[in-house]
Amino acid sequence: MLPWVGPPLALAAGMLFALAGLSAFPSESKKLSRLIIQVCIVLLGLRIELGELMRHAGSGLLFAAGTILAAFALGFALQRFLKTSTELTLLISSGTAICGGSAIGAVSAAIGASSSSVSVATGAIFLLNAAALYCFPPIGHALGLSDTQFGTWAGVAIHDMSSVVGAGAAYRVGATEALDTANLVKLSRVIWILPCTLFAAWIIARERRETGKASIQTSGGDRKSLPLRVMGLVPFFIILFLVASLVRTALPVLGDYEAIVNQIAKAGFACALFLIGSGLSLSTLRSVGWRALVQAFILWVALATASLVVVIRTVN
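Definitions and cut-offs
- Residues numbered from 1 in each chain as written.
- Predicted model: local features only at pLDDT ≥ 70, side-chain atom pairs only at ≥ 80, totals over all residues.
- Heavy atoms only, no water.
- Helix = DSSP H or I, 4+ residues; strand = E, 2+ residues; numbered from the N terminus.
- Buried < 20%, exposed > 50% of the residue type's maximum accessible area, 1.4 Å probe, protein only.
- Contact = heavy atoms within 4.5 Å.
- Areas by Shrake-Rupley, 256 points an atom, 1.4 Å probe, with all protein chains shown as cover.
- Salt bridge = Lys/Arg side-chain N within 4 Å of Asp/Glu carboxyl O.
- Core = buried A, V, L, I, M, F, W, Y, C linked by side-chain atoms within 4.5 Å.
- Patch = residues over 30% accessible without salt bridge, like charges linked within 9 Å, V, L, I, M, F, W, Y side chains within 5 Å.
- Polar contact = N/O pair within 3.5 Å; in protein donor to acceptor, adjacent residues only side chain to side chain.
- Expected span 1.5 Å × (residues − 1).
- pLDDT = per-residue confidence, 0-100.
- Phe/Tyr/Trp six-rings, centres within 6.5 Å; stacked < 30°, edge-to-face > 60°.

The next subject is the overall build of the protein chain. If you tally the helices and strands in the protein chain, you get 16 helices and 0 strands. Among the 316 residues that make up the protein chain, the fraction classed as buried is 48%. Taking all contacts inside the protein chain whose residues are at least 6 apart in sequence as the whole, residues at least 24 apart take part in 84%. With the model as given, the accessible surface of the protein chain reaches about 14,600 Å², and the carbon-plus-sulfur share is 69%.

Right under this line is the structure:
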């Protein structure tokens, strides 16, 4: 990848491309960008031994649980103040706490969320996710964060995997520690999709029983038990990432190709960010009401600030 084709520039180029009316296939671009991101994440698994991955996931377990619980608690507190719906609050809180659009998609499917709520939550998260890609690296450098500290902070406080790896890759040109750390931290949080979707489904089911509305149904009328439905929502690429890490552990010779794998993954992420930016539309911008945007913004800033304080004090 050319040195000047970084993640922030790729996203900005895509957004300008879309706002100029040159994006003819926004739906296809969204699907392709998601596929590219997942493939690149699996490739990064070839650079990390399984033992290192397990140690990192274990050490960050309490941190992940604490920040996720705090995000949901603050989300419900803001709901009372801003008068947003429980459905929208769950979507925004899960997107902020775990992994952006992926978490929103999983929770929305589990609770049978309306398309309008999904659109508003996704739009708010997209705008803040794009902002994070640009503002996090300068903040990290201004505070003198090490690569490990910045990667940990980015993995916790940036919503989508695309911007997490983009910020990690852009933090220090020529180094991979921030990228690897950010990737590991974010992937360790993705596993929390399962308990969070179960919690969200329970909240919505209780609310609908109290208001006399119909119980949660999947769009296709699927009557499988909720845990089985949610298990099907856990991203399959996580399993492939673990397999890639296992292959890397079993075949140390793959370390000789680490630089090549890293370049391919970085180029792929830049391409995916361009496609994500090209999917922006004026209708998406208009759909994000001020209440949802304020809720998402306050929640994001609070999580980013609190996690930054913890990272500075506990991570070397």
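So, about the pattern of salt bridges. Applying the stated criterion to the full structure yields 1 salt bridge. A salt bridge links R172 to D147, with the shortest nitrogen-to-oxygen separation between them at 2.5 Å. Of this pair, R172 sits in the loop between α9 (161-171) and α10 (177-190) while D147 is found in helix α8 (residues 147-157), placing the two residues 25 residues apart along the sequence. Overall, D147 belongs to the buried group, its relative accessible area being 10%.

Checked against the element boundaries, Q295 lands in helix α16 (residues 290-314). Look past the residues within four positions of Q295 in its chain and what remains in contact with it is G75, L78, Q79, L82, T84, T89 and I92.

A few words now on unusual backbone geometry. Positive phi, close to 65°, is recorded for K83, a residue that is not glycine. For K83, the location among the structural elements is in the loop between α4 (61-82) and α5 (86-99).

Turning our attention to the nonpolar core. Formed by 82 residues in total, the largest nonpolar core has its most connected members in I41, I98, I111, F136, F150, W153 and F269. If you tally residues by element for this core, the top one is helix α7 (residues 115-142), at 10 residues. Beyond its immediate sequence surroundings of up to four residues, W153 is in contact with F136, I139, G140, L145, I158, A304, S307, L308 and V311.

Once that is clear, we can look at a nonpolar patch on the surface. A surface patch of nonpolar side chains, about 910 Å² in accessible area, is lined by F236, I239, L240, V243, V247, L251, V253, Y257, I260 and I264. At 5 residues, helix α13 (residues 236-250) tops the list of elements feeding residues into the nonpolar patch. Of note, Y257 is situated in the loop between α13 and α14 (258-278). Note on Y257: relative accessible area 47%, which makes it partly exposed.

Residue position: F237 is located in helix α13. According to the relative accessible area criterion, F237 is buried, its value standing at 10%. Linking F237 and I41, residues 196 residues apart in sequence, is a C-alpha distance of 7.9 Å. Not counting the four nearest positions on each side in its chain, F237 is found in contact with Q38, I41, V42 and L187.

Moving on, we get to the side chain of S163. Tracing the backbone through its elements, the reader meets S163 in helix α9. Using a relative accessible area of 1% as the deciding quantity, one classes S163 as buried. Among the polar contacts listed, one links the side chain of S163 to the side chain of N129, at a separation of 3.0 Å. For S163, the contacting residues outside a window of four places in its chain are N129, L133, I158 and L273.

It is worth spelling out α5 at this point. Over its 14 residues, α5 runs 19 Å from end to end, which matches the ideal 20 Å to within 8%, given 1.5 Å per residue. Most of α5 is tucked away, with 14 of its 14 residues classed as buried. After α5 finishes, the residue G100 shows a positive phi value of roughly 55°.

Attention now goes to the confidence of the model for the protein chain. Per-residue confidence for the protein chain gives a mean pLDDT of 78; residues scoring 70 or more make up 84%. With pLDDT under 50 throughout, residues 1-5 is counted as low confidence; its partners more than four residues away or in other chains account for 6 contacts. The model gives residues 215-223 a pLDDT under 50, and that stretch makes 13 contacts with residues more than four places away or in other chains.

Moving on: the environment of T89. Position of T89 among the secondary structure elements: in helix α5. As a C-alpha pair, T89 and A200 span 111 residues in sequence and 9.9 Å in three-dimensional space. Discounting chain neighbours no more than four positions away, the residues touching T89 are G75, F76, Q79, T84 and Q295. There is a polar contact of 3.1 Å between the side chain of T89 and the side chain of Q295.

This next bit is on the packing of aromatic side chains. On inspection of all chains with the given rule, the structure shows 9 aromatic pairs. For the ring pair F17 and F274, a centre distance of 5.6 Å and an interplane angle of 50° mean the geometry is tilted. Pair noted here: F17 is in helix α1 (residues 7-19) and F274 is in helix α14, with a separation of 257 residues, a long-range link. Assessed through its relative accessible area of 32%, F17 is described here as partly exposed. Here F274 falls in the partly exposed class, since its relative accessible area comes to 29%. Here the aromatic rings of F150 and Y171 are separated by 3.9 Å at their centres, their planes lie at 5°, and the arrangement is stacked. In this pair, F150 sits in helix α8 while Y171 sits in helix α9, placing the two residues 21 residues apart along the sequence. Looking at Y171, the relative accessible area reads 2%, which means it is buried.

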